[in-house]
Amino acid sequence: MKTTFFLSLWLCLWLSMTGHARTAATTGDDDKPQMRLLFLGNSFSLDASHMLPQQLEDAGVNTRQYTIDCVMYAGATLEYWCQHIREDRPIKYRFHMGGKLATGDSCRTVRELLGEPWDVVIIQQASRMSDKEETYEPHMDSLCQVIRTLCPQARIAWLLTWSVAPYFTHGPVDRAGWEKIADIARTHCPADGIDVVIPAGTALQTARQTALNDGRYLTRDGIHLVLGTGRYIAAMCVFETVCRPVFGTSCLDLPPSQRMKDVDSKYGDDRLPITDDNYPLCKACVAQALADPYRLPVPNDTDSTGPHIFIDSKPARLPYISLDGRRSNRPPKGGFIYMGKKYVSR
C-alpha cells in the first residue's frame, strides 16, 4: 500500500517536472523574434532556400526561432497551384529546409497547410512561363487571395526568378529574358498586393556581368543555379528581404562562414565555391538588386550604395567542347561539354 502510494507520488512529481521542462524548452525563445517561412513553387524554390538555414545560423539565429518549408512540384506554375488548392489535391513534395518551429507536419493538402501560422509565404511563376505575361493572371491574383483568406497573418513575397543561359533557344533567355521577368513583376506585384519582392533574378543577372561568371552563367545546367555562389546569392536575397526585417541582422555584413563555404562541397567541380575573394562580388550584386530590383547597373554606375566595383570585371570565358569535339570560347548551340559534364539545349 505504502509502496503504491510512494510510486504514485513519484510518478506525479516526475510528470510535473518533465512537463515543466518541456514547457520551458518550447517557450524559452518566446521573447525572441520568430519566423515561419513557406515556399510554394517548384525547383527554383529549392535553389533559393537551400542555403538559407546556414545563412540564418551565421547570423546567430537559433533553430528554435524559425522554420523553413518548401512545397514544390517540378515546373509548377501559378495556374497549377490554383488548381491544386481548388481541387484540394494531396501535397506530393514537401521539404523541410531547416528550423524547429512546429508547422503542421500532418497537413495533407496545401489548403490545410495554409491554415498554419505562417509569417511569410513565397510564390513564383515557373521559369518557362516567367517571361509570358499572359500566363500570370488571373492565377497570380487568385493565389494571393487564397493565401490571404487561409493565412491572413502572412505576408506574401514574390520570388523574382532568373533567366536561362544564352545558349537556350526558348524561354526567358539571358538579359532580354530577365528584362521581361522584371517588367512583369514591376506591374503585377503592386497590382496584386504583393508585400515583398525578392530580387534573386536581378542579383544573378548582375553577377553574370562579373568575374563570377565562369561561362556557366551562374547555373549548373543552364537553368538551375550553380551550387555554391549561385544558391548563395539567391539565399542572401531571401534573407535581406524576408529575414532581416524579423531578426534585425543583415547578411551583407557577415562574410561566409566555413560551414557556408562547405555546403555542397561534396559535389566538387560541379559547384562554383564561395570564397573570401568572391564574397565581395556576391555581396555587391545583392546590394545592387536590393537597391533597385528592376534595374541592372551600367559601367561606372553609382548610387546610394556606393561604387559598383564589380562592373569592371568581364566574365571569364573558359573553353567549351561542342558535342562533335570542337573547342569554342562560347557555348555551342545544341549542347556542349564543360568541365567534363555534358549540357544539352532543350
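Okay, so let's go over this structure. Note that the structure is a prediction, hence the values are computed from the model and not measured. (Residues numbered from 1 in each chain as written. Predicted model: local features only at pLDDT ≥ 70, side-chain atom pairs only at ≥ 80, totals over all residues. Heavy atoms only, no water.)

**Let's talk about the pattern of salt bridges**
It is possible for side chains bearing opposite charge to pair when their charged atoms get close. Our working rule: We count a salt bridge whenever a side-chain nitrogen from Lys or Arg sits within 4 Å of a carboxyl oxygen from Asp or Glu. Helix and strand definitions follow DSSP, with helices as H or I runs of at least four residues and strands as E runs of at least two, each counted in order from the N terminus. Throughout, exposure labels follow a simple rule: accessible area from a 1.4 Å probe, protein chains only, divided by the maximum for the residue type, with under 20% read as buried, over 50% as exposed, and the rest as partly exposed.
Summed over the entire model, instances satisfying the criterion amount to 13 salt bridges. Between Asp264 and Arg231 there is a salt bridge whose closest N-O contact spans 3.2 Å. Pair noted here: Asp264 is in the loop between helix 10 (258–262) and strand 8 (271–272) and Arg231 is in helix 9 (residues 229–247), with a separation of 33 residues, a long-range link. A single burial state applies to Asp264 and to Arg231, both of which are buried. Glu240 is the partner of Arg244 in a salt bridge, and the nearest nitrogen-oxygen pair spans 2.8 Å.

**Things to note about the side chain of Thr241**
Inspection of the secondary structure assignment puts Thr241 in helix 9. For Thr241, a relative accessible area of 12% translates into the label buried.

**Quick notes on the packing of aromatic side chains**
How we decide: Note on aromatic contacts: the rings of Phe and Tyr and the six-membered ring of Trp form a pair at centre separations within 6.5 Å, being stacked when their planes are under 30 degrees apart, edge-to-face when over 60 apart, and tilted otherwise. Put simply, a charge is over a ring when the Lys NZ or the Arg CZ is close to the ring centre, within 6 Å, and near the line of the ring normal, within 35 degrees.
Counting across every chain of the model gives six aromatic pairs. Note on Phe44 and Trp162: the rings are 4.3 Å apart at their centroids and 15° apart in plane angle, and the pair reads as stacked. Residue Phe44 is located in helix 2 (residues 43–49), and its partner Trp162 is located in the loop between strand 5 (155–159) and helix 7 (174–191); the two are separated by 118 residues in the primary sequence. Put simply, the rings of Tyr73, Tyr80, Trp81 and Tyr93 touch in pairs and so form one group of aromatic residues. Between the NZ or CZ atom of Arg89 and the centre of the ring of Tyr80, over which it lies, the distance is 5.6 Å.

**Looking at the packing of helix 4 (residues 78–86) against helix 6 (residues 139–150)**
Stated precisely, the cut-off is as follows: Here an axis means a line fitted to C-alpha atoms, over the contact stretch when the element is a helix, while the angle between two N-to-C directions is reported on a 0 to 180 degree scale. Between 65 and 115 degrees an angle is taken as roughly perpendicular, under 35 as roughly parallel, over 145 as roughly antiparallel, and anywhere else as oblique. For any helix crossing, the convention is left-handed if the near helix is rotated counterclockwise from the far helix by under a right angle, and right-handed if that rotation is clockwise. By definition, residues are in contact when any of their heavy atoms lie within 4.5 Å. In this count, Pro and Cys sit with the nonpolar residues alongside Ala, Val, Leu, Ile, Met, Phe, Trp and Tyr, while Asp, Glu, Lys and Arg are called charged and the others, Gly among them, polar.
Where helix 4 meets helix 6, the axes come as close as 9 Å, and the angle between the chain directions of the two elements is 45°. One element, helix 4, and the other, helix 6, form an angle in the oblique class. The handedness of the crossing between helix 4 and helix 6 is left-handed. In contact with Leu78, Glu79, Trp81, Cys82 and Ile85 of helix 4, helix 6 contributes His139, Met140, Ser142, Leu143 and Val146. Here the contact of helix 4 with helix 6 is built from residues that sort into seven nonpolar, two polar and one charged.

**Notes on the sheet that holds strand 5**
Applied cut-off: Here, strands pair whenever DSSP counts at least two bridges between them.
Read from one edge of the open sheet, six strands run 3-2-1-4-5-6, paired in mixed fashion. This sheet does not close on itself; its edge strands, each paired only once, are strand 3 (94–99) and strand 6 (196–198). Taking each pair of neighbouring strands and ignoring which way they run, the sheet shows an average axis angle of 20°. For strand 5 and strand 6, the ladder comprises three bridges, and the chain directions are parallel. Paired with Ala157 across the bridge in strand 6 is Val196.

**Regarding the nonpolar core**
Note the following rule: Side-chain atoms within 4.5 Å link the members of a nonpolar core, which is a set of buried Ala, Val, Leu, Ile, Met, Phe, Trp, Tyr and Cys residues.
Grouped together as the largest cluster of nonpolar side chains are 58 residues, with contacts concentrated most on Leu37, Leu56, Ile122, Ile198, Val238 and Val242. Here Ile122 is in contact with Leu37, Leu38, Phe39, Leu40, Ala157, Leu159, Ile198, Val238 and Val242, once residues within four sequence places are set aside. Counting 37 residues, the second-largest nonpolar core is a separate cluster that includes Tyr136, Cys144, Ile156 and Val197.

**Quick notes on the environment of Ala200**
Its location among the elements puts Ala200 in helix 8 (residues 200–207). Sequence separation between Ala200 and Leu160 is 40 residues; the distance between their C-alpha atoms is 5.9 Å. Here Ala200 is in contact with Leu159, Leu160, Trp162, Ala234 and Cys237, once residues within four sequence places are set aside.

**Here we look at unusual backbone geometry**
Cis geometry marks the peptide bond from Glu137 to Pro138; its omega dihedral reads 10°. In the Ramachandran plot, Leu218 falls in the positive-phi region, its phi being about 60° despite a non-glycine side chain. For Leu218, the position within the fold is in the loop between helix 8 and strand 7 (227–228). Among the residues examined, Leu218 registers a relative accessible area of 1% and is labelled buried. Not every positive phi belongs to a glycine, and Asp264 is a case in point at roughly 65°.

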